[in-house]
Amino acid sequence: MSDVPGGPTPPPPPPPPMTGGPRGNIPPKRLGEILSAAFDIYKANASQLILIVAIVVVPLSLVGALLSEVVFAPERIEVMSGEVVVGFDYAGRSWGAILLVGAIGALIGILISALLQAATVRAAALASIGDLVDVEASYRYGFRRLWSVILVSLLVGLIVAAGFILLIVPGI
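Residues numbered from 1 in each chain as written. Predicted model: local features only at pLDDT ≥ 70, side-chain atom pairs only at ≥ 80, totals over all residues. Heavy atoms only, no water.

1. Structural notes on the side chain of N45
Counting through the fold element by element, N45 comes out in helix α1 (residues 31-71). Taking the relative accessible area as the measure of exposure, N45 reaches 12% and is therefore buried. With residues up to four places along the chain from it excluded, the contact list for N45 reads A127 and V133. (Helix = DSSP H or I, 4+ residues; strand = E, 2+ residues; numbered from the N terminus. Buried < 20%, exposed > 50% of the residue type's maximum accessible area, 1.4 Å probe, protein only. Contact = heavy atoms within 4.5 Å.)

Here you go:
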């Protein structure tokens, strides 16, 4: 309240002074300590983390190799012009088939990478707090969070594209 009727009110008292030190139970760490802890966690759980990635990456790589070597393999055609034999590769498939298979492959790749991201993050979180890494539980978590991970990935992609357009393109 003001001493003068109708006068200005005094400002509120200042907040209490901040005490130094970290908040919570996690003490601050230097970069070397953080990297050492990360490598220790990975060493303790390497087989489970590699298995989580291999379950998805190995079959996806085999399917990709099959598509590129069988479906999209070019045919070798040799044409004789006088005494000269000219060879060139010719993909005898229609552009529509190539685009369709490419779009299906891109969709499968997006879904699988989102699932793998969610499962890997779950496994890393379990390992970092000292729990056992469970491959099946990580994938169940990944399937439950699949659409939210896809949405976040889409938003990140849009933000990166907008940043590219706003910051990089004008500088060229």
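2. A short note on the nonpolar core
Residues I52, A114, L116, A123, V133, Y139 and L146 are the most contacted members of the largest nonpolar core, which totals 16 residues. Elements supplying a minimum of two residues to this core: α1, α2 (95-128), α3 (135-144) and α4 (146-168). A total of seven residues in this core trace back to one element, the largest contributor, which is α2. Excluding residues within four positions of it along the chain, A123 makes contact with L49, I52, V133 and S138. (Core = buried A, V, L, I, M, F, W, Y, C linked by side-chain atoms within 4.5 Å.)

3. Digging into α4
The end-to-end C-alpha distance of α4, which contains 23 residues, comes to 32 Å, matching closely the 33 Å that a straight helix rising 1.5 Å per residue would cover. Inspection of α4 places L146, V149 and I150 among the buried residues, and these make up the whole buried set. Residues of α4 that are buried make contact with α2 and α3. (Expected span 1.5 Å × (residues − 1).)

4. Quick look at a nonpolar patch on the surface
The grouping of F164, I165, L166, L167, I168 and V169 at the surface amounts to a nonpolar patch, some 630 Å² of accessible area in total. Tracing the sequence through the fold places F164 in helix α4. A relative accessible area of 46% means that F164 is categorised as partly exposed. (Patch = residues over 30% accessible without salt bridge, like charges linked within 9 Å, V, L, I, M, F, W, Y side chains within 5 Å. Areas by Shrake-Rupley, 256 points an atom, 1.4 Å probe, with all protein chains shown as cover. Salt bridge = Lys/Arg side-chain N within 4 Å of Asp/Glu carboxyl O.)

5. Describing the packing of α2 against α3
Across the interface, α2 lies against α3 with an axial gap of 8 Å and an inter-helix angle of 130 degrees. Regarding the angle of α2 to α3, the classification is oblique. For the pair α2 and α3, the sense of crossing is right-handed. Seen from α2, the contacting residues are L115, L116, A118, A119, R122 and A123; seen from α3, they are S138, Y139, Y141, G142 and F143. Of the residues contributing to the contact of α2 with α3, the split by class is eight nonpolar, two polar and one charged. (Axes fitted to C-alpha atoms, helices over the stretch in contact; angles between N-to-C directions. Parallel < 35°, antiparallel > 145°, perpendicular 65-115°, else oblique. Left-handed = near helix turned anticlockwise from the far one by under 90°. Nonpolar A, V, L, I, M, F, W, Y, C, P; charged D, E, K, R; others polar.)

6. Describing the packing of aromatic side chains
Inspection of every chain in the model, using the stated rule, returns zero aromatic pairs. The ring centre of Y141 lies 5.0 Å from the NZ or CZ of R122, which sits over that ring. (Phe/Tyr/Trp six-rings, centres within 6.5 Å; stacked < 30°, edge-to-face > 60°. Lys NZ or Arg CZ within 6 Å of the ring centre and 35° of its normal.)

7. Here's the deal with the pattern of salt bridges
A complete count under the given rule lists three salt bridges for this structure. Note that E33 is salt-bridged to R30, the shortest N-O span being 4.0 Å. Take E33: its relative accessible area is 35%, and that puts it in the partly exposed class. Assessed through its relative accessible area of 62%, R30 is described here as exposed. Put simply, K43 and D40 hold a salt bridge, and the shortest N to O gap is 3.6 Å. With K43 and D40 both in helix α1, this residue pair falls three residues apart, about one helical turn.

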